[in-house]
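Single-letter residue listing:
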Amino acid sequence: QVQLVEAGGGLVQPGGSLRLSCAASGIIYSINAMGWYRQAPGKQRELVATVIGDYNTNYADSVKGRFTISRDNAKKTVYLQMNSLKPEDTAVYYCNANVRTVGAASPYDYWGQGTQVTVSS
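In this text the structure is predicted, and so the values were computed from the model without any measurement.

**A few points about the sheet that holds strand 8 (residues 77-82)**
By way of backbone hydrogen bonds, the strands of a sheet pair with one another, either parallel or antiparallel. In spatial order, the strands read 1-3-8-7; together these four strands make up an open sheet with antiparallel pairing. Edge positions in the sheet fall to strand 1 (2-7) and strand 7 (67-72), since each of these pairs with one other strand and no more. On average, each strand axis in the sheet is tilted by 15° relative to the strand beside it, whichever way the strands run. One ladder, built from six bridges, connects strand 3 (residues 18-26) with strand 8; its direction is antiparallel. Counted as the bridge partner of C22 is V78 from strand 8.

Pasting the structure below:
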């Protein structure tokens, strides 16, 4: 199947930066959209940013101008550069990828295990 492994979370002060990465592995034929979602305590999971192809990006209004999503197709990896972090960005961040595996008729959504991002002084 497909595994998504995230890295880069941690504790950062307000105004600081973090870079998340998520690498996909497995019997992958193609990857369509890749993205990041987050879930804060007591709240529903929400979209942070997605990228389709190399340049078709979409961001939540709350992170526009502060976060940048990018992908390296050769490495099957998606990144999230987070700048000017705020306490309200604190959440578990989940990687998502829409993947068609070898031999499959259609793609399927896969999720990473999540990585904690805490913004606090």
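Continuing now.
**A short note on the packing of aromatic side chains**
The full count for this structure, using the stated rule, is two aromatic pairs. Geometrically, the ring pair formed by Y37 and W111 is edge-to-face, given 5.1 Å between the ring centres and 65° between the ring planes. In this pair, Y37 is assigned in strand 4 (residues 28-39) and W111 in strand 10 (residues 108-111), connecting sequence segments 74 residues apart. Classification of W111 by relative accessible area gives partly exposed; the value is 38%. Arranged with centres 5.1 Å apart and planes meeting at 75°, the rings of Y108 and Y110 form a pair that is edge-to-face.

**Re the state of the cysteines**
By the definition in use, this model includes one disulfide. The partner cysteine of C22 in its disulfide is C95, sulfur to sulfur 2.1 Å. Residues C22 and C95 are joined through a disulfide that is left-handed, its torsion about the S-S bond being -80°. Of this pair, C22 sits in strand 3 while C95 sits in strand 9 (residues 91-101), and the two are 73 residues apart along the sequence. Taking relative accessible area as the criterion, C22 reaches 0% and is therefore assigned buried.

Conventions and cut-offs
- Note that residues are indexed from 1 along each chain, following the sequence as it is written.
- Confidence filtering applies because this is a predicted model: local features only for residues at pLDDT of at least 70, side-chain atom pairs given and counted only at 80 or more, and all residues used for totals across whole chains, interfaces and linings.
- The basis for the side-chain values is all heavy atoms of the structure; hydrogens and waters are excluded.
- Here, a strand pair is defined by DSSP locating no fewer than two bridges between the strands.
- Think of it this way: any DSSP run of H or I at least four residues long counts as a helix, any run of E at least two long counts as a strand, and we number them from the N terminus.
- The axes used here are C-alpha line fits, helices contributing only the stretch in contact, and every angle between their N-to-C directions lies in the interval 0 to 180 degrees.
- When the centres of two rings from Phe, Tyr and Trp lie within 6.5 Å, Trp using its six-membered ring, the rings pair. Their planes under 30 degrees apart give stacked, over 60 give edge-to-face, and anything left gives tilted.
- Summary of the burial criterion: residues with accessible area below 20% of their type's maximum are buried, those above 50% are exposed, and those between are partly exposed, where the area comes from a 1.4 Å probe applied to protein chains only.
- Any pair of cysteine sulfurs within 2.5 Å is marked as a disulfide.

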